[in-house]
Amino acid sequence: MVAGSFSIEIESPVEAKRLWKATVDTHNLLPKQAPALVLFKVMEELAPFDTLSSLQRHCLLLIIRYEIKIVIAANKDFSYMKEKVDLVDEANLVYGYSPVEGGMLGEKVASVSHKIKYTLKPEGNGGCITTFTCDYDNLPGVPQDEAKIEEIKAKNTGLFKQVEEYLIANPTLYC
């Protein structure tokens, strides 16, 4: 088994808190902002969600780990991915998630975990630095694929820039 990790660091003019809030709300934001990539996301219901009040829903999501199924359009490697949220740390602006089904899980990798951290720029003149980290274990016999890693980095950076542009164009969102 080949274990690996890679990180992407992206500087952004958008405030760290706004980007973090958009990340936490990604299940609503991405289908609107990247419809060519994400057809829809469905939160797997752990309770009859439509019968709960909005406060109960919010509390339920804060207390339990939830899973999100993403149906992906035009992806040559896989058609869907189900993810679980592992970490929602508002104080430190860190969000963690990992696939539990679909994607390359079981095909090329045994496990994957992602973490996104937003930090203020050292200069203190607004904006932030976003660090996206991916830790993974390949399945036995699957070699390290540097070209695939670079492709994943490029896609994640492109998607981040798309969200960033949307937030810049809509300065009152996620304030």
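Note that the structure is a prediction, hence the values are computed from the model and not measured.

S.K.: Just checking my understanding: could you explain the confidence of the model for the protein for this structure?
M.R.: If pLDDT is low for a region, its predicted coordinates should not be looked at in detail. Across the protein, pLDDT averages 76, with 70% of residues at or above 70. Mean pLDDT in the protein bottoms out at helix 3 (residues 54-63), which sits at 41, and peaks at strand 7 (residues 128-138), which reaches 95. Here residues 37-66 is a poorly scored stretch, pLDDT under 50, and it has 52 contacts once near neighbours within four places are set aside; other chains count.

S.K.: Looking at this structure, I do not really get the pattern of salt bridges. What am I missing?
M.R.: Once their charged atoms are close, side chains differing in charge can pair, the charge on each being opposite to the other. Applying the stated criterion across every chain, the model contains eight salt bridges. Between E90 and K17 there is a salt bridge, with its nearest N and O atoms 2.8 Å apart. Of this pair, E90 sits in the loop between strand 4 (80-89) and strand 5 (94-102) while K17 is found in helix 1 (residues 16-24), placing the two residues 73 residues apart along the sequence. The partly exposed category is assigned to E90, whose relative accessible area is 43%.

S.K.: What's the story with the environment of Q144 in this structure? I'm lost.
M.R.: Mapped onto the elements, Q144 comes out in the loop between strand 7 and helix 4 (146-169). Considered as a pair, Q144 and A3 are 141 residues apart in the sequence and their alpha carbons are 8.7 Å apart. In this structure the side chain of Q144 is engaged in a polar contact, spanning 2.6 Å, whose partner is the side chain of Y136. Side chain to side chain, Q144 and E146 meet in a polar contact 3.4 Å long.

S.K.: Help me out: how do you make sense of helix 4 in this one?
M.R.: Note that an α-helix has 3.6 residues per turn; residues three or four places apart therefore point the same way. Compared with an ideal rise of 1.5 Å per residue, which puts 24 residues at 34 Å, helix 4 spans 35 Å between its outermost C-alpha atoms and is within 8% of the ideal. Of all the positions in helix 4, only K148, I149, L159, F160, V163, E164 and L167 are classed as buried. Among the residues of helix 4, the N-terminal cap falls to D145, whose side-chain oxygen and the backbone nitrogen of A147 are separated by 3.3 Å.

S.K.: Can you help me understand the packing of aromatic side chains in this one?
M.R.: Each aromatic ring pair is described using two quantities: the centre-to-centre distance and the angle formed by the ring planes. Per the counting criterion, the structure on display carries two aromatic pairs. Seen from their ring centres, F6 and Y136 are 6.4 Å apart, and the 50° between their planes marks the pair as tilted. Remark: Y136 occurs in strand 7 and F6 occurs in strand 1 (residues 3-12); sequence separation between them is 130 residues. Comparing F6 with Y136 shows no difference in burial state: the two are buried.

S.K.: Is there a simple way to think about the side chain of S98 in this case?
M.R.: Relative to the helices and strands, S98 is located in strand 5. You can call S98 buried: its relative accessible area is 6%. Side chain to side chain, S98 and D86 meet in a polar contact 2.8 Å long. For S98, the contacting residues outside a window of four places in its chain are K82, E83, K84, D86, V112 and S113.

Criteria and cut-off values
- Residues numbered from 1 in each chain as written.
- Predicted model: local features only at pLDDT ≥ 70, side-chain atom pairs only at ≥ 80, totals over all residues.
- Heavy atoms only, no water.
- pLDDT = per-residue confidence, 0-100.
- Helix = DSSP H or I, 4+ residues; strand = E, 2+ residues; numbered from the N terminus.
- Contact = heavy atoms within 4.5 Å.
- Salt bridge = Lys/Arg side-chain N within 4 Å of Asp/Glu carboxyl O.
- Buried < 20%, exposed > 50% of the residue type's maximum accessible area, 1.4 Å probe, protein only.
- Polar contact = N/O pair within 3.5 Å; in protein donor to acceptor, adjacent residues only side chain to side chain.
- Expected span 1.5 Å × (residues − 1).
- Phe/Tyr/Trp six-rings, centres within 6.5 Å; stacked < 30°, edge-to-face > 60°.

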